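# Fold and contact review
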Amino acid sequence: MLELKNISKSFNQRTVWHDLNLKIEDGKILCIVGQSGGGKTTLLRCISGLETLDAGEMLIDGQSFNPTAPHENDAVIGVVFQDYQLFPHLKVIDNITLAPELALKQSAKQAKQTAEKLLERLSLSDKADLYPYQLSGGQKQRVAIARALAMKPKILCYDEPTSALDPGLRDAVKKIILQLKQAGITQIVVTHDWEFARQIADQTFKLEPQQ
Amino acid sequence: MHYILQILPSLLGGAKLTLEIFFWTLVGSLPLGLIVGLGLTSHFKPLKAILHFYVWLMRGTPLLLQLIFVFYGLPLIGNGIFTLQRYDAALFAFILNYTAYFAEIFRGGLQSIPKGQYESAKVLRLSYWQTIRKIVTPQVVKIVLPSIGNEVINLIKDSSLVYVIGLGDLLRAGNVATSRDVTLIPLVLVGIIYLLLTAVLTFVLRKFERHYSYWK
Ligand SMILES: Nc1ncnc2c1ncn2[C@@H]1O[C@H](COP(=O)(O)OP(=O)(O)OP(=O)(O)O)[C@@H](O)[C@H]1O
Ligand SMILES: [Mg+2]
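The following refers to the structure shown. Since the model is a prediction, treat every value here as computed from it, not as a measurement.

## Topic: the interface of chain A and chain B
Opposite the 27 residues of chain A that make contact, chain B presents 19 residues. With both sides pooled, the region where chain A packs onto chain B buries about 2,300 Å², and carbon together with sulfur makes up 64% of that total. Considering only the side of chain A, the residues that lose the most area to chain B are His89, Leu102 and Tyr133 of chain A, jointly responsible for 26% of the buried surface there. Scanning the region where chain A abuts chain B turns up one salt bridge. The shortest N-O distance in the salt bridge between Glu119 of chain B and Arg45 of chain A comes to 2.7 Å. Summed over the shared surface of chain A and chain B, the result is seven residue pairs in polar contact (both at pLDDT 80 or more). Sorting the residues of the side of chain A that touches chain B by element identifies β6 (77-80) and α2 (92-102) of chain A as the ones contributing at least two each. Counted by class, the side of chain A that touches chain B contains 17 nonpolar, six polar and four charged residues.

## Details of the pattern of salt bridges
Considering all chains together, one arrives at 15 salt bridges over all chains under this definition. With its nearest N and O atoms 3.3 Å apart, the salt bridge here joins Arg45 of chain A to Glu51 of chain A. Each of the two residues, Arg45 of chain A as well as Glu51 of chain A, counts as buried. For the salt bridge of Arg180 of chain B with Asp181 of chain B, the shortest nitrogen-to-oxygen distance reads 2.9 Å. A residue is classified by how much of its surface remains accessible, and Arg180 of chain B, at 54% relative accessible area, is exposed. Salt bridges here are not isolated pairs; linked through shared partners, they connect Lys9, Arg45 and Glu51 of chain A together with Lys115 and Glu119 of chain B.

## Digging into the sheet that holds strand β7 (residues 155-159) of chain A
All names here are of chain A. Taken in spatial order, the five strands line up as β6-β7-β8-β3-β9 in an open sheet, and their pairing is parallel. A single partner strand is all that each edge strand has here, and the edge strands are β6 and β9 (203-206). Looking at each pair of strands side by side, their axes are set apart by 20 degrees on average, direction ignored. Note that β6 and β7 share four bridges and pair parallel. In the strand pairing of β7, Val80 is matched with Tyr158. Of the strands in this sheet, β3 (29-33), β6, β7 and β8 (186-190) touch helix α1 (residues 40-47), which is tilted by about 150 degrees from β7. Strands in contact with helix α4 (residues 137-149) are β6 and β7; relative to β6, the strand with the most contacts, it is inclined by about 170 degrees.

Calculation rules
Residues numbered from 1 in each chain as written. Chains lettered and ligands numbered in written order. Predicted model: local features only at pLDDT ≥ 70, side-chain atom pairs only at ≥ 80, totals over all residues. Heavy atoms only, no water. Contact = heavy atoms within 4.5 Å. Buried area = accessible area lost by both parts, 1.4 Å probe. Salt bridge = Lys/Arg side-chain N within 4 Å of Asp/Glu carboxyl O. Polar contact = N/O pair within 3.5 Å; in protein donor to acceptor, adjacent residues only side chain to side chain. Helix = DSSP H or I, 4+ residues; strand = E, 2+ residues; numbered from the N terminus. Nonpolar A, V, L, I, M, F, W, Y, C, P; charged D, E, K, R; others polar. Buried < 20%, exposed > 50% of the residue type's maximum accessible area, 1.4 Å probe, protein only. Pairing = 2+ DSSP bridges. Axes fitted to C-alpha atoms, helices over the stretch in contact; angles between N-to-C directions.

What follows is the structure, given as structure tokens:
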């Protein structure tokens, strides 16, 4: 379980959110919704350790947890960025195997096997040897999901997973997210698409811009 | 024809020195340039200030002056403890100078890598140096290759400046033959050898660029 206790964040004296409390049960899907500027992305960046909190605490399974120092613990949080941020100079398969090899010290063979399984699960098996520029938006997103999953995260975060996709692909993402839920992965989805949130969420959290 | 064959060995001897200076300057200044480039993009202000000053100094004064300064000037301080042999002095000055140019090129390349690349490496738990090695450097190399290529071509010609500290490079060999035998032929040959060298370099650089065109 991930717990956020009395967390606050501001940029240059401008409060983004103040004294937030939030709990996410294991294996559930939390949707963070709200208007533009409400601080959804900022919250996700704090959870994944890309921004620091001004105040408050994060707990994983009751243990205090500092996401900005990922080497101190292995309670990993994965992120699928809005613009995916695949590594353009690496083939799809190498995008996925790089971090498990370097950070988790997996053998090349082991990392490759895991990656191939993930690609199959996300119907990307035939794309393993392509470069990111050769993929469609939806395919890039699935590679980004595979890349994050290869690190075996406890929690997977998405920033606006539907914003850059055709409406038809929205259902494909929904299917993947629900499928990962079956596999027991906790997921946090930032979206301003209420309809999408309604379809997948176990829990919704609304963030509105502060005055 | 006979005359050409007669002076060719001394010209080729000069060309060998030219190539040696060229090669060792690159070996020293390319990695150093990348490191200084990283320093120029760091958030540690004092380091940045020092490196900016260094780059400003090296790019703001003639290479010829730096060469003369290192060889003739340094021995005048501290009872000559900074005295360098001609060849070492030349390499020292060239590496110092070219590192600055390469650092500026690498800085530009480094700054054009989107912040998101560092962030996705970070959430994938890569360390700083892993990120630099595996994510940033390959992308930067592709971006900077054309500008580096320019400097590399310049370097082969700049290396002729070492004649001022009395090193026998290609240009000097041609010059000596011309004034001794009162003919233009050695200088024409020198020109041809430089052209051949830059042609080969241009070809190799093209190959490199093509090698890196497998991704966009
Ligand atoms: N690095 C930063 N420096 C200063 N202000 C920032 C920074 N990042 C975000 N902000 C500000 O924080 C507020 C929240 O931004 P955030 O991107 O989290 O909103 P959001 O809910 O994700 O919006 P959107 O739906 O448009 O993506 C905005 O007012 C934004 O200007
Ligand atoms: Mg956002």
